[in-house]
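Chain residues, written in single-letter form:
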Amino acid sequence: MNYRMILQVVGRVLLIEALLLILPLAVALIYGEPLLPLIIPMLIAAVLGWLLRSIPVVKTDIGSTEGFTIVGLSWIVMSLVGAFPFVLSGAIPNYIDAVFETVSGFTTTGASIMTNVEILNKSCAFWRLFTHWVGGMGVLVFIMVVLPMSGDHYMYIMRAEVPGPVVGKLVPRARKTAEILYLLYIALTLLEVFFLLCGGMSFYDALVHSFATAGTGGFSIRAASIGYYNSTYIDIVIGTFMLLFSINFNLYYLLLIGEARQAVRSEELRVFAGIVAFSVLSIAWNITRLYGSFSGALRYSYFQVASVISTTGFSTADFNQWPQYSRILLVVLMFIGACAGSTGGGLKVSRVIILLKSIPAEVQLLVRPHSVNKIWLEGKSLSRDTVKSVQIYFYLYMLIIAVSALLVSFDNLDGETSFTGVIACISNIGPGLSLVGPAGNYSVFSSVSKIVLIFDMLLGRLEIYPILYLFIPYVWRRGKHA
């Protein structure tokens, strides 16, 4: 285990976090707000980062073990420091609550313990939503763009941080891949800001909500979320961009290089589009009586389906009050989530495809033990190891949900609140049903349950393994791991 390199990269993460805090500090200066709640955590991050960054490194190689460990540690440390602005400003005095809010921000979950977000000053609200944008593409991917981290070994970091069962290179070099991803990310974010400005939003509102949409996060500066604006145009714009950020970014790269036909032929994209279309139309039909017309119901159905399957968590309606069919379908979408290689969470559509295709293959294998049953995805035959890894990930995912639901059940809340709260956190969605629905929040949970949900959010955003690695003794033994 290359301990020195791990600590040095964590130091770089803290230095980057110190720089990122300059933006909310600038907002505080513009609006004449207190500066110390931002300056103190900035200094903490800078000093700790500089000390760790100064550790001499003999070998710069990063293997899969180091990559996963770096990512897990970095996200935890980043969240612990990032919680201080909320505590020092008095917005969230309880540190565990502040960490919950910060982890929810960086993991783009959008689950909140705040009962009234509108009491936040501009700079804290900016930091709260900016964490979505930072966490959406991944802070370590960002570091690969701005700091000299050359070498193909850093692909292990991307594999650990970028959501999805398979992370491929857009180009041969890992750093160049990171640069392309971030340029696409920034371009789409700015495009959304432009469209929201055209819809009458103020620049501040458009910017922070674009941060949250880009990271598929769901935090808002309004207590009523996007429903506050009561605009069909804004609903359509944000709903559409939630879906755009749910698509594998590799497809956007294919469009840029003129391979539009290959992008459109993506099996995952077609299945994703099919799920969205079916869900929007069927839910709209199911809730028509609540909104007086199919067209009115279609507006709310489109937005909420886009919000849930993208794992963003914005709301324009309290879907907790919708008919049972619509509520159950939305919970199913929570499980499915977005596409691999996007900023969305959940199981990922590609995993769902593989799992569904593996069922008939396994059945046929029982009937014909010596037959060869290949599973295909995106026109390629998947290896047995790939299919097995997806199945194991699914088993772990369901096991974590079961164990977490049992642990939070000690709070004696209703089963719908406990179960959907866990699902919403590990799928990085935010709102669940009942007390944690769009009109509720996570303040109803005890501190112990909040810690469980904090780990659920990290496990979901980092695809389980980088966090599990931190608790496996073998990982910390000295020696070289592949």
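Up top you'll find the structure we're talking about.
All values reported here derive from a predicted model rather than from experimental measurement. (Residues numbered from 1 in each chain as written. Predicted model: local features only at pLDDT ≥ 70, side-chain atom pairs only at ≥ 80, totals over all residues. Heavy atoms only, no water.)

Chemist: Looking at this structure, I do not really get the overall build of the protein chain. What am I missing?
Modeler: Along the backbone of the protein chain there are 22 helices and 2 strands. When contacts within the protein chain are restricted to residue pairs at least 6 apart in sequence, those whose partners lie at least 24 apart make up 71%. Counting every atom, the protein chain has about 19500 Å² of accessible surface; 68% of that belongs to carbon and sulfur. (Helix = DSSP H or I, 4+ residues; strand = E, 2+ residues; numbered from the N terminus. Contact = heavy atoms within 4.5 Å. Areas by Shrake-Rupley, 256 points an atom, 1.4 Å probe, with all protein chains shown as cover.)

Chemist: Where do I start with unusual backbone geometry in this structure?
Modeler: Trans peptide bonds make up the majority, and among non-glycine residues the majority have a negative phi. Its identity as a non-glycine residue notwithstanding, Asn230 has a phi of 45°, on the positive side. Positive phi values are uncommon outside glycine, yet Ser434 reaches one of about 60°.

Chemist: Looking at this structure, how should I read the environment of Met201?
Modeler: Inspection of the secondary structure assignment puts Met201 in the loop between α10 (174–198) and α11 (203–214). In this structure the C-alpha to C-alpha distance between Met201 and Tyr229, which are 28 residues apart in sequence, comes to 8.5 Å. The contacts of Met201, once residues within four sequence positions are left out, are Leu196, Ala206, His209, Tyr229, Ile234 and Ile238.

Chemist: I would appreciate a short explanation of the packing of helix α15 (residues 267–291) against helix α17 (residues 324–336) in the present structure.
Modeler: Orientation of α15 relative to α17, taken along the N-to-C sense of each, is 160°, at an axis distance of 9 Å. Of the possible angle classes, the one that applies to α15 and α17 is roughly antiparallel. Crossing geometry of α15 relative to α17 is assigned as left-handed. When α15 is examined against α17, the residues Ile275, Phe278, Ser279, Ser282, Ile283, Asn286 and Ile287 are found in contact with a partner set consisting of Tyr325, Ser326, Leu329, Leu330, Leu333 and Ile336. (Axes fitted to C-alpha atoms, helices over the stretch in contact; angles between N-to-C directions. Parallel < 35°, antiparallel > 145°, perpendicular 65-115°, else oblique. Left-handed = near helix turned anticlockwise from the far one by under 90°.)

Chemist: Please clarify how the side chain of Asn428 should be interpreted in this entry.
Modeler: By the element assignment, Asn428 lies in the loop between α20 (415–426) and α21 (447–461). The class for Asn428 is buried, based on a relative accessible area of 1%. Polar side-chain contacts of Asn428 include one of 3.2 Å to the backbone oxygen of Met457. Residues within four places of Asn428 in sequence aside, it is in contact with Thr107, Thr108, Thr109, Thr216, Thr311, Gly345, Met457, Gly460 and Arg461. (Buried < 20%, exposed > 50% of the residue type's maximum accessible area, 1.4 Å probe, protein only. Polar contact = N/O pair within 3.5 Å; in protein donor to acceptor, adjacent residues only side chain to side chain.)

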